[in-house]
Amino acid sequence: MRIESKKTVKVDELAELIPFRAGATFSQLWQILYYTRLFKYVHRQHYQRIKPAYNKICTSRNLKKLCDLGYFKTTQKDIFCATDKVLPILNEAGFITETLPQETVGKGDINELNNTEVMIKLLKYPDFHTFVFPNFGYIIPDSLLVQRNHKQRKYKLTFIEIERKKSGWQEYIQKKHENYLKLSKDLIVYRKWCEYCDVLGIDRPKHSSFKFSVLFICDINLDLGKGFRFERI
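As the structure is a computational prediction, the values presented were derived from the model and not from experiment. (Residues numbered from 1 in each chain as written. Predicted model: local features only at pLDDT ≥ 70, side-chain atom pairs only at ≥ 80, totals over all residues. Heavy atoms only, no water.)

> With reference to specific residues and values, describe the overall build of the protein chain.
Helix and strand counts for the protein chain stand at seven helices and eight strands. Its C-alpha radius of gyration of 19 Å places the protein chain within 12% of the 17 Å reference for a compact globule of 233 residues. Along the first, second and third principal axes, the C-alpha atoms of the protein chain reach 55 × 40 × 25 Å. Counting every position in the protein chain, which comprises 233 residues, the buried fraction comes to 49%. (Helix = DSSP H or I, 4+ residues; strand = E, 2+ residues; numbered from the N terminus. Rg over C-alpha atoms; globule rule 2.2 N^0.38 Å. Buried < 20%, exposed > 50% of the residue type's maximum accessible area, 1.4 Å probe, protein only.)

Here you go:
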């Protein structure tokens, strides 16, 4: 996603968190708020992996201050989530907030932190635009990766499934495979994407040209046919 501030937004009570002399800016702080909400659960060490410059702001003291002021909450030591209090600021700063996940209610366990690790790496994919988080009832992807080439006016949709080894692993993945085949024939996915298009400023596709792929990120490799692939990240 191209993170751009449409206008300069300043919040007086947060100014003390920004080491301006070291080159940090309000814009960087808003990006930190955005990514914390996008990834749901963020460990303090994740911030430098997103962007090394964030370390100037993401000190233990500053992260605690964000919690004290109600912008963040902590579920475990050094694990942070962004509350709804960040949304008005992000809106004013020009971020699209309608597609961000709801405020978290979990604790940020090992699986949730593993999801964050993977999604941070997916940020580096060519033409990365954003993640969205649809729920189709019978299948709930970990995220939908949107890659967008502005010059060619093209985009690519990839549902992300982040899996850890478990009992009956292959059967579990085969069931997801079946559900995605079902989803590919279900109008619900096309309609949901059209809703996202309206928010993201992307032209709605014709139903006949709508398509998506599925990426399983795990330590297994199965041949599930066209549109399905496996990677280790």
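> Could you give me a rundown of helix α7 (residues 187-200), with the residues and numbers involved?
The end-to-end C-alpha distance of α7 is 20 Å, a good match for the 20 Å that 14 residues give at a rise of 1.5 Å each. Sitting at the head of α7, Asp186 places a side-chain oxygen 3.0 Å from the backbone nitrogen of Ile188. One or two positions beyond α7, positive phi appears at Gly201, with a value near 75°. (Expected span 1.5 Å × (residues − 1). Polar contact = N/O pair within 3.5 Å; in protein donor to acceptor, adjacent residues only side chain to side chain.)

> Just give me the short version of unusual backbone geometry, but keep the residues and values in it.
Not every positive phi belongs to a glycine, and Asp127 is a case in point at roughly 60°. In this fold, Asp127 is placed in the loop between α5 (110-122) and β4 (128-132). Look at Asp127 and you get partly exposed, because its relative accessible area is 39%. A positive phi angle, near 55°, is found at Arg153, a position not held by glycine. Of note, Arg153 is situated in the loop between β5 (143-149) and β6 (154-162).

> Lay out the environment of Arg229 in plain terms, naming residues and giving numbers.
Relative to the helices and strands, Arg229 resides in strand β8 (residues 228-231). Spatially, the C-alpha atom of Arg229 lies 6.2 Å from that of Phe216, the residues being 13 residues apart in sequence. When neighbours within four sequence positions are excluded, Arg229 is seen to be in contact with Tyr125, Lys156, Val214, Leu215 and Phe216. (Contact = heavy atoms within 4.5 Å.)

> Report on the sheet that holds strand β1 (residues 42-43), specifying residues and quantitative values.
Reading across from one edge, β1-β3-β2 is the order of the three strands in this open sheet, with antiparallel pairing throughout. Edge positions in the open sheet fall to β1 and β2 (72-76), since each of these has one partner strand only. Sheet topology places β1 next to strand β3 (residues 79-82); two bridges connect them, and they run antiparallel. Paired with Val42 across the strands is Phe80, a residue of β3. Against the sheet, helix α3 (residues 60-68) touches β2 and β3, its axis set at about 110° to β2. (Pairing = 2+ DSSP bridges. Axes fitted to C-alpha atoms, helices over the stretch in contact; angles between N-to-C directions.)

> Outline the nonpolar core, listing residues and values.
Looking at soluble globular proteins, one finds that nonpolar side chains tend to be buried together. Counting 49 residues, the largest nonpolar core has Leu14, Trp30, Phe39, Tyr47, Tyr71, Phe72 and Phe131 as its most contacted members. Beyond its immediate chain neighbours, meaning those up to four positions away, Tyr71 contacts Val11, Glu13, Leu14, Leu66, Cys81, Ala82, Thr83, Lys85, Val86 and Ile89. Counting 29 residues, the second largest nonpolar core, distinct from the first, contains Ile139, Val146, Phe210 and Leu222. (Core = buried A, V, L, I, M, F, W, Y, C linked by side-chain atoms within 4.5 Å.)

> So what about the sheet that holds β6? Which residues, and what values?
Within the open sheet, the five strands sit side by side as β4-β5-β6-β7-β8. Their pairing is mixed. Strands with a single pairing partner mark the edges of an open sheet, and in this sheet they are β4 and β8. Sheet twist, expressed as the mean angle between neighbouring strand axes with direction ignored, is 30°. In this sheet, β6 lies alongside β5 in antiparallel orientation, the contact comprising seven bridges. Bridging across to β6, Leu144 finds its partner in Phe159. Strands in contact with α7 are β4, β5 and β6; relative to β6, the strand with the most contacts, it is inclined by about 120°.

> Give me the lowdown on the packing of aromatic side chains, citing residues and values where you can.
Applying the stated criterion to the full structure yields 17 aromatic pairs. Aromatic pair Tyr155 and Trp193: ring centres 5.3 Å apart, planes at 50°, arrangement tilted. Linking Tyr155 in strand β6 with Trp193 in helix α7, this pair joins segments that are 38 residues apart in sequence. When its relative accessible area of 28% is taken as the criterion, Tyr155 is described as partly exposed. Taken together through their ring pairs, the aromatic side chains of Tyr34, Tyr35, Phe39, Tyr54, Phe95, Phe128 and Phe131 make up a single cluster. The ring of Tyr71 has Lys85 sitting right over it, with the charged end atom 4.5 Å from the ring centre. In this structure, Lys192 packs its charged tip against the face of Tyr196, placed 5.2 Å from the ring centre. (Phe/Tyr/Trp six-rings, centres within 6.5 Å; stacked < 30°, edge-to-face > 60°. Lys NZ or Arg CZ within 6 Å of the ring centre and 35° of its normal.)

Purely geometric stuff here, so don't read any function into it on its own.
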